[in-house]
Amino acid sequence: DKDYRDICKAIKGGATTLKDLEVAIGRKIKVAYNTDDSIKDAQKKVDEAEKEYKKDPEQAFKEMQGYVKAVIKGLQPGCVLCGAPGVGKTYRVLQQLKANGYQHGQNLAIIKGKATPRQLYLTLYEYKSKGDMILIDDADSLVGPKAPEDVINILKAALDSTSDDEGRLVSYKVSGKLLGDEENPVPKEMYYNGSIIVITNYSAGQLDSAIKNRVFVQSLDFTTEQLLDIIKKILPAIAPQKLSSQSEMQAYDYLNEMAKNGDHMEISIRSFSTCARLFQVCEGDHDFTDDDARSMIKEQMALQY
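Presented here is an overview of the structure given in this document.

**With respect to the packing of aromatic side chains**
- In the structure shown here, the tally under the stated rule is three aromatic pairs.
- Judged by centre distance (5.4 Å) and plane angle (25°), the rings of Y121 and Y172 are stacked. Of this pair, Y121 sits in helix α6 (residues 117–126) while Y172 sits in the loop between β4 (168–171) and β5 (189–192), placing them 51 residues apart in sequence. Here Y121 and Y172 have matching classes, each one buried.
- Directly above the aromatic system of F61 lies the positively charged group of R92, at a separation of 3.6 Å from the ring centroid.

Pasting the structure below:
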């Protein structure tokens, strides 16, 4: 009964796929079903259509660069990049920001991990000037279906494109004095003129609609084959000081083999690095063979899926 209630709540919160449900309730879900051949054929057609719909990664990343560029230029108050964990979203965005003169701690603030509504407001206050940028990266407490209402309201105000000449009015009305991290008094309302980029593994369907209406939203969702192709193109740039080219090629070839065999796994740059490290353990070590590495990789991919 509890599982049923959790799943129903997740669906009402915007979950539309099995992966959405797993993210929403915080655990893996096993599904078994029986269907007749006509339904199986229909599902196969749907899967094929969905595969065709997914954009080519190069085009998707080019468009991502365009969205970020519009935010940097101040043409849009923010953008949200969601989906496809471990494909280099953060790396690409940071490279683009650095190329445009952004430096962390100066005109760029990066929020990762847990953050409270107060911390969000204080960061907005510190980086409120035109040209300032806030990057919210994998901070689940600030985005997605579990984000507190206070956070959503602060982000809605900060991203409101219908601002007046002074900027976007953001309020944080709390009782008593509002103090910064160094105990300095901070006003409870301000005009915000900065920009915000959000990177999240939540799907677009799980985001608050009022937030989506204020920003550019992009879904970076790729097939297993596309993800492997992304990895192949950037092999030399993946931890060159730690991973040998031999271990990387062995990992790529074995993941390709697993994908063709239909093994359940989640492909990402992180999972690829895990596989390459296991092959590297075997290099020059007579106690471990490539077969041992493959066995460990199979276990890791199954446990991480």
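**Quick look at the packing of α6 against helix α7 (residues 149–158)**
- Running from N to C, α6 and α7 cross one another at 20°; their axes reach a closest spacing of 9 Å. The angle between the axes of α6 and α7 places the two elements in the roughly parallel class. The two elements α6 and α7 meet at a crossing, and its hand is left-handed. Here P117, L120, Y121 and L124 of α6 lie close against α7, whose contacting residues are D150, V151, I154, L155 and A158.
- Taken together, the residues that form the contact of α6 with α7 break down as eight nonpolar, no polar and one charged.

**Focus: the nonpolar core**
- Counting residues in hydrophobic clusters, the biggest one holds 44 residues, and the most contacted among them are V93, I197, F222 and L255.
- Counting residues per element, this core draws most heavily on helix α11 (residues 269–282), at seven residues.
- When neighbours within four sequence positions are excluded, V93 is seen to be in contact with M64, V68, L81, L135, I197 and I199.
- Core analysis: the next-biggest nonpolar cluster, separate from the first, contains 34 residues, A109, L124, A157 and I211 among them.

Conventions adopted
- Residues numbered from 1 in each chain as written.
- Predicted model: local features only at pLDDT ≥ 70, side-chain atom pairs only at ≥ 80, totals over all residues.
- Heavy atoms only, no water.
- Phe/Tyr/Trp six-rings, centres within 6.5 Å; stacked < 30°, edge-to-face > 60°.
- Helix = DSSP H or I, 4+ residues; strand = E, 2+ residues; numbered from the N terminus.
- Buried < 20%, exposed > 50% of the residue type's maximum accessible area, 1.4 Å probe, protein only.
- Lys NZ or Arg CZ within 6 Å of the ring centre and 35° of its normal.
- Axes fitted to C-alpha atoms, helices over the stretch in contact; angles between N-to-C directions.
- Parallel < 35°, antiparallel > 145°, perpendicular 65-115°, else oblique.
- Left-handed = near helix turned anticlockwise from the far one by under 90°.
- Contact = heavy atoms within 4.5 Å.
- Nonpolar A, V, L, I, M, F, W, Y, C, P; charged D, E, K, R; others polar.
- Core = buried A, V, L, I, M, F, W, Y, C linked by side-chain atoms within 4.5 Å.

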